[in-house]
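# Residue-level structural notes
Residues per chain, in single letters:
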Amino acid sequence: SLQGLEGIRSLGLSAPSEEQWASIHIANNPHLRTVEGLAGLQDDLPSALVIWNNAKLSSLHGLEGIRSLGKMMKSKWVGYSLYIGGNDRLRNLTELKGVHGDLPGSITIENNPNLHSLRGLEHVRSAGRNQMFGRSIKICGNTELQSLDGLAGLRGNLSGSVEVVGNDQLTNLNGLEGIESLNADFGGSGLVIMGNSMLQSLEPVSKIRLVDDESLLITSQYNATIQAPRCPGGWYWQRGTLMCRFCGPDSVSLASSVVGKDGAADSVCTRCGWWFEPSSTMEYCDVARVALAYICSSFCCLVIACTSLAMNFQVSSSFNSQWRLVGRVVPISNICPESAERGEGVVLTTWIPHGLKERRWRTHERSFPIFLSGTGNIYLDTSEKLSLRARILAGERLELLDAQGKPLEADLHSSMGKVAIPAMETLVQGGASVPLFISVTLSSLLGIAGLVITATKYERECAAATLAVVAVVGSLVVSLFKQWCIPPTPLRRRLDLYQQELEKAEPNPQPTERGAMRALRLGQVLDLYRFFKGFLQERNMYFMEPHLIRPLTARHKLSYAEVAGPSSVDWFVSH
């Protein structure tokens, strides 16, 4: 028993802002027979009343003084206002007749095998929505319950769903006729009547309407004595009527089938996803093969078009110090004069294939404009005053020409920098066997046409829009990733190795006063020459300074003698 609590007159929250799940929570007391010890309560309960799993509790005598439930449940998260469950000997709720008004939380009465009536709740006008499940009323598993008359006080709209499930002795739904409308729970169900084997009539709930009619999912299975229509696939039985309602053009449902002696099972409407469509019988979702073919082919075409553009065009400020759209920017491996016997002048070799193709139908113009930057040679870096052209020799070789398209005759050398061609020329010269402007145009038109057909004819607007965005963004990401993955040029790799050697010899280079104390030994000069002999060949200091000395000293901002380790001398040679 609860003797000793008779002096309690009211209950509050432990702090004004604290949220409590229940004001009274009596649970898991296998020997509790009575709650008379709470008879002194003569007030409103600030939150819920929960009486659960008390096997020997036969009545609620002692709770007559409770006038309302959950009056202080004002937070966004509201659960139960009243929960009575798992009390094997409880027969009625008449002691709760003092509870009245609107309850902010839900009412759940479940798994009370000896409960005969809900009388005692007649003065409750409304129940709120349980934010965990979306229900307002749940009457479930009360095998001896014969009537819902105790809920006759419910009026108007309920913010959640109503479930009456597994009450074997329930013969009617009298008590729910005051409900005018309700909202679906989080599973999409609005009014669920299931497993009430003696139920004979749905008349009391026939006029209930759902606030959002499209989300209503009414089920009435295993109510053995109710005659229900046999609805075809794609249709469902509207409770309280003999009508079948259409699920929708992109939804399916199983056809009604006889259950038990003379009952029927409602259909449950299921909306098919992006890649599915209703079957011919509208009983299940089948793969939308034609729509899927359109969307996949459209996606592939868009990816090809976007990737081609992203891989062959780039916005760069490396050329003429102005931001401009240029063709693919490729690292330079080497520039030097080639054999005059082969009719070649100054030849530029790229580190990776330049991706340009000679178009034989351009007989009147075999050369095209070209941009160079970062070569370390003022006669090679293009600008407003210096223009160069080129013609294709091979996949990684271009012959440099002057502005009039004539071969360069100067002795020009470089092993660094970048090369690109104008954007408009890229559309013609870019691409393998087919010019870039043709392949991109065809791929784009096919992709856009496929997406339009998918969005209009097959009603997959979201899928089409999403895949279009994915194709564009994905192509940009791939192109950027490939630019980052371009391996360093041979000269760059060699410079990094020699930088490591210098750091081993002189880990912490320091500034040195100019003059005889800042000199290089002959051995240091020879070491530098031998290490870069393959690049130096017959080239002079005009090549050596920008290509070797400047990169090796840039990080420390010191002279090469200071980075390599200076020595003092008595005599020196200068040019």
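Anything mentioned here points back to the structure above.
What you see is a predicted model, and the numbers here were worked out from it, not measured in a lab. (Residues numbered from 1 in each chain as written. Predicted model: local features only at pLDDT ≥ 70, side-chain atom pairs only at ≥ 80, totals over all residues. Heavy atoms only, no water.)

### Considering the overall build of the chain
Our working rule: Numbered from the N terminus, helices here are DSSP runs of H or I no shorter than four residues, and strands are runs of E no shorter than two. Here the term buried applies to any residue with accessible area under 20% of the maximum for its type, exposed to any over 50%, and partly exposed to those in between, with areas from a 1.4 Å probe on protein chains only. By the convention used here, residues are in contact when the closest approach between their heavy atoms is within 4.5 Å. Accessible surface is estimated by sampling points in the Shrake-Rupley manner with a 1.4 Å probe; for residues, cover comes only from the protein chains shown.
Tallying secondary structure elements over the chain gives 9 helices and 28 strands in all. For the chain, the residues scored as buried account for 46% of the 575 residues in total. By sequence separation, contacts in the chain at least 24 residues apart represent 72% of the contacts at least 6 residues apart. For the chain, the exposed area adds up to about 29700 Å²; of that, 57% sits on carbon and sulfur atoms.

### Some words on the environment of G141
Assignment of secondary structure puts G141 in the loop between β7 (135-140) and β8 (156-158). Accessibility expressed as a relative area gives 18% for G141, which makes it buried. Separated by 25 residues in the primary sequence, G141 and G166 place their C-alpha atoms 4.7 Å from one another. Each residue touching G141, except ones within four places of it in the same chain, is listed here: N111, N112, V165, G166 and N167.

### Describing the pattern of salt bridges
To keep it simple, the criterion reads: Within this document, salt bridges are pairs made up of a side-chain nitrogen of Lys or Arg and a carboxyl oxygen of Asp or Glu, the two lying within 4 Å of each other.
If you walk through the whole model with that rule in mind, you get 14 salt bridges. Between R289 and D286 there is a salt bridge, and its shortest N-O distance comes to 3.4 Å. For R289, a relative accessible area of 56% corresponds to the exposed category. We classify D286 as partly exposed; its relative accessible area is 25%. Put simply, E399 and R391 hold a salt bridge, and the shortest N to O gap is 2.5 Å. Here E399 falls in the buried class, since its relative accessible area comes to 1%. Salt bridges here are not isolated pairs; linked through shared partners, they connect D43, D44 and R67.

### Topic: the pairing of strand β25 (residues 368-373)
Short version of the rule: Strands pair, by our definition, only if DSSP identifies at least two bridges between them.
With respect to burial, β25 is a largely interior element, 5 of its 6 residues being buried. Two elements, β25 and strand β26 (residues 388-394), share 3 bridges in a ladder whose sense is antiparallel. Looking at β26, one finds that P369 is bridged to R389. One ladder, built from 3 bridges, connects β25 with strand β28 (residues 418-420); its direction is antiparallel. Bridging across to β28, F371 finds its partner in A420.

### Topic: the state of the cysteines
Put simply, the rule reads: Cysteine sulfur atoms are paired as a disulfide whenever they fall within 2.5 Å.
Applying the stated criterion across every chain, the model contains 1 disulfide. Paired through a disulfide, C272 and C285 show a sulfur-sulfur distance of 2.1 Å. Its S-S torsion of about -90 degrees marks the bond between C272 and C285 as left-handed, since a negative value means left-handed. Of this pair, C272 sits in the loop between β18 (270-271) and β19 (276-278) while C285 is found in strand β20 (residues 285-287), placing the two residues 13 residues apart along the sequence. By relative accessible area, which is 8% here, C272 ends up buried. C296 supplies the cysteine sulfur nearest to C300, a cysteine that is in no disulfide, at a spacing of 6.6 Å. What makes C300 partly exposed here is its relative accessible area of 43%.

### Digging into the sheet that holds strand β23 (residues 330-337)
This is how it is decided: Lines fitted to C-alpha atoms define the axes, with helix axes restricted to the stretch in contact, and inter-axis angles between N-to-C directions lie between 0 and 180 degrees.
Read around the closed barrel, 6 strands run β23-β24-β27-β26-β25-β28, paired in antiparallel fashion. In this sheet, adjacent strand axes meet at a mean angle of 45 degrees when their direction is disregarded. Alignment of strand β24 (residues 346-350) against strand β27 (residues 397-401), held across 3 bridges, turns out to be antiparallel. Bridge pairing links T349 to R397 in β27.

### Some points on the side chain of N377
By secondary structure assignment, the location of N377 is in the loop between β25 and β26. Among the residues examined, N377 registers a relative accessible area of 15% and is labelled buried. If near-sequence neighbours (up to four positions away) are discounted, N377 is found in contact with L412 and H413.

### Examining the packing of helix α1 (residues 289-312) against helix α4 (residues 461-484)
Quick note on the threshold: By the definition used in this description, the sense in which the near helix is turned from the far one sets the handedness, with an anticlockwise turn below a right angle giving left-handed and a clockwise turn giving right-handed. Under the convention adopted here, Pro, Cys and the residues Ala, Val, Leu, Ile, Met, Phe, Trp and Tyr are nonpolar, Asp, Glu, Lys and Arg are charged, and Gly plus all remaining residues are polar.
At a minimum axis distance of 8 Å, the contact between α1 and α4 shows a crossing angle of 30 degrees. Crossing of α1 against α4: the hand is right-handed. Every residue of α4 that contacts α1 at I295, F299, L302, V303, C306, T307, A310 and M311 is listed here: A463, A464, L467, A468, V470, A471, V472, S475, L476, S479 and K482. Among the residues making up the contact of α1 with α4, the classes are represented as 15 nonpolar, 3 polar and 1 charged.

### What about the side chain of S333?
Relative to the elements of secondary structure, S333 occurs in strand β23. Leave out the neighbours within four places in its chain, and S333 touches T349, T350, W351, S415 and P490.

### Here's the deal with the sheet that holds strand β5 (residues 106-110)
Across a sheet, paired strands are connected by hydrogen bonds in the backbone, their directions being either parallel or antiparallel. Strand order in this open sheet of 7 strands is β1-β2-β3-β5-β7-β9-β11, and the pairing throughout is parallel. Looking at which strands have only one partner, the edges of the open sheet turn out to be β1 (22-27) and β11 (191-194). Geometrically, the sheet is characterised by an average inter-axis angle of 5 degrees between neighbouring strands, direction not taken into account. In terms of strand pairing, strand β2 (residues 48-52) meets strand β3 (residues 80-85) through 4 bridges, oriented parallel. Bridged to I51 within β3 is I84.

### Concerning the environment of G447
Relative to the helices and strands, G447 resides in helix α3 (residues 436-456). Judged by its relative accessible area of 0%, G447 falls in the buried class. Distance in space between the C-alpha atoms of G447 and C300 is 7.5 Å, their sequence separation being 147 residues. The residues contacting G447, other than those within four sequence positions of it, are S298, C301 and L302.

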